[in-house]
Amino acid sequence: MSSLIHKRILVTGGCGYIGSHTLVALLDPSNVANTNTQYSIVVVDNLVNSSHESLKRVAAISSLDNFTMKDDGSAGQDANERLVFRKVDCCDKAGFRAVFEEFASKGGFDAAVHFAGLKAVGESKLIPLKYYEDNLGATLTLLNLMEEYGCRTIVFSSSATVYGIAKDEKAKLKETDEVGVTITNCYGRTKFMIEQILNDFHGSQALLREKAKNDEAKDWSIGILRYFNPVGAHPSGTMGEDPRGVPNNLMPFVAQVAVGRRPHVTIFGNDYDTPDGTGVRDYLHVMDLADGHVAALRYMDGGNKNNGTGKLNVFNLGTGIGYSVLDMVEAMGKACGKPIPYVLGPRRPGDVTIYVADPSRAKEEMGWSAKFGLDDMCNDLWKWQTQNPNGYE
């Protein structure tokens, strides 16, 4: 048997909803069983919209030995450094550089998974400069440090919002569809701009070798994951989405209504051209999404029948199945054993009729496809909500 392959992955924003579930997927023993690869993780997060309590839950699920946090919350790790945390803002270049410097003597980072950024669609319309400053600034700082320290593989947490308002709303969205033109909010535009930055940066390496005769310019392996609507929680019920204040997304709001924290759900619009008149979206279990990040790393590492090494790779992550708002409300009612109260309201500006992924490229290229269904999403969300009615508090 070949010797175990050890890889250290930098995860920005790893204390958040999707990031923390991805940590569980990276630490899962199946990676050793299936690919002979053991991941160690360094999480960088400023904790503005998250809690390091999520890391304690990750450590418990992953059976890590003696994960402890400093009293001031600035750092933490387990006994074997499989999961390390540093409280750093990715826009703080000096602080971020210190993390790269700390681990340079230990072999550095093999890849980065970039979640860090502000992500509330409505808020982005109110404070656009903050969104551009933070989301673009964090990415530019990260890319510059990765290039400087020789880490040239990155998975970027993008979003289906880059597609904007599709020309044919009833068609499943493909990676080759137009992006950037009809985006309706600043959050989505930051995701699109970062995709363009990654595209330009990836193409520059070949030009540097060809035009500038710079043989040290190395190709980057870049995975852009455009995901649709992540929902659900870890099946244990110990980890899930913990929004600050009023939830921006449908299902956390529905779950809070189910547990009694809010009186009802407002459904915005029931006159869409759909079977029940409410908008249709592609909902994806967060653990399927987490596995998609591991699949992307493996794909770019050549650990697949296909090979994304040295390429710019773009993938939709979704189920390819659309559920209406009413479908979701009723499914959550089934999970909690009681009807979810709702009221009908007017349409919201910018909302589209149908938004569903064509995820076939991810399956064909990376071997990834969603495994969990709607009942799993709602049952796991309800378990999380009932076990943790106030989130990680």
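Refer to the structure presented above.
What counts, and at which threshold
Residues numbered from 1 in each chain as written. Predicted model: local features only at pLDDT ≥ 70, side-chain atom pairs only at ≥ 80, totals over all residues. Heavy atoms only, no water. Helix = DSSP H or I, 4+ residues; strand = E, 2+ residues; numbered from the N terminus. Phe/Tyr/Trp six-rings, centres within 6.5 Å; stacked < 30°, edge-to-face > 60°. Buried < 20%, exposed > 50% of the residue type's maximum accessible area, 1.4 Å probe, protein only. Core = buried A, V, L, I, M, F, W, Y, C linked by side-chain atoms within 4.5 Å. Contact = heavy atoms within 4.5 Å. Axes fitted to C-alpha atoms, helices over the stretch in contact; angles between N-to-C directions. Parallel < 35°, antiparallel > 145°, perpendicular 65-115°, else oblique. Left-handed = near helix turned anticlockwise from the far one by under 90°. Nonpolar A, V, L, I, M, F, W, Y, C, P; charged D, E, K, R; others polar. Pairing = 2+ DSSP bridges. Expected span 1.5 Å × (residues − 1). Arc of directions from axis to C-beta. Salt bridge = Lys/Arg side-chain N within 4 Å of Asp/Glu carboxyl O.

A. Here's a closer look at unusual backbone geometry. Although it is not a glycine, N36 adopts a positive phi angle of roughly 60°. Located in the positive-phi region is E81, a residue other than glycine, with phi close to 55°. Within the element layout of this structure, E81 appears in the loop between β4 (75-77) and β5 (83-87).

B. A look at the packing of aromatic side chains. This model, assessed by the stated rule, comprises eight aromatic pairs. Judged by centre distance (6.2 Å) and plane angle (50°), the rings of F228 and Y355 are tilted. One end of the pair, F228, is in the loop between β8 (221-227) and β9 (229-231); the other, Y355, is in strand β15 (residues 354-355), and 127 residues separate them in sequence. For F228, a relative accessible area of 7% translates into the label buried. Site record: aromatic cluster; members linked through ring pairs are F96, F100, F103, F109 and Y149.

C. Structural detail: the nonpolar core. Ranked by internal contacts, the top residues of the largest apolar core, which has 73 residues, are L83, L317, M332, I340 and M366. A per-element tally of this core places helix α9 (residues 286-300) first, with 10 residues. Not counting residues up to four positions away in its chain, the partners in contact with L83 are L23, I41, V43, L55, V58, A59, L64, F67, G76, Q77 and D78.

D. Summary view of the packing of helix α10 (residues 325-336) against helix α12 (residues 374-387). In contact at an axis separation of 9 Å, α10 and α12 are set at 55° when each is read in the N-to-C sense. One element, α10, and the other, α12, form an angle in the oblique class. Every pair of crossing elements has a handedness; the one defined by α10 and α12 is right-handed. Packed against α10, whose contacting residues are M328, A331, M332, K334, A335 and C336, the element α12 presents L374, D375, C378, N379, L381 and W382 at the interface. Split by residue class, the contact of α10 with α12 holds nine nonpolar, one polar and two charged.

E. Fine view of the pairing of strand β1 (residues 5-12). β1 sits mainly inside the fold: six of its eight residues count as buried. Here β1 pairs with strand β2 (residues 37-45) via eight bridges, running parallel. Note that in β2 the partner of V11 across the bridge is V43. Strand direction decides the pairing type here: β1 and strand β6 (residues 111-114), joined by four bridges, are parallel. Paired with L10 across the strands is A112, a residue of β6.

F. Main features of helix α4 (residues 93-104). Between the first and last C-alpha of α4 there are 16 Å, a value that for 12 residues agrees with the 16 Å anticipated at 1.5 Å per step. Every buried residue of α4 is accounted for by G95, F96, V99, F100 and F103. Burial along α4 is one-sided: seen end-on, the buried residues are contained in an arc of 145°.

G. Layout of the pattern of salt bridges. Enumeration according to the criterion identifies 15 salt bridges in this entry. Here R57 makes a salt bridge to E53, at a shortest N to O gap of 2.8 Å. Separated by four residues within a single helix, R57 and E53 lie in helix α3 (residues 53-61), roughly one turn from each other. Between E102 and R86 there is a salt bridge; the shortest N-O distance is 2.8 Å. Highlighted residues: E102 in helix α4 and R86 in strand β5, separated in sequence by 16 residues. One network of salt bridges, with partners in common, ties together E53, K56 and R57.

H. Summary view of the packing of helix α8 (residues 250-258) against α10. At a minimum axis distance of 10 Å, the contact between α8 and α10 shows a crossing angle of 40°. One element, α8, and the other, α10, form an angle in the oblique class. When you trace α8 past α10, the crossing you get is right-handed. Residue-level inspection shows L250, M251, V254, A255 and A258 of α8 in contact with α10, the latter providing V325, M328, V329, M332 and C336. Of the residues assigned to the contact of α8 with α10, the class counts are 10 nonpolar, no polar and no charged.

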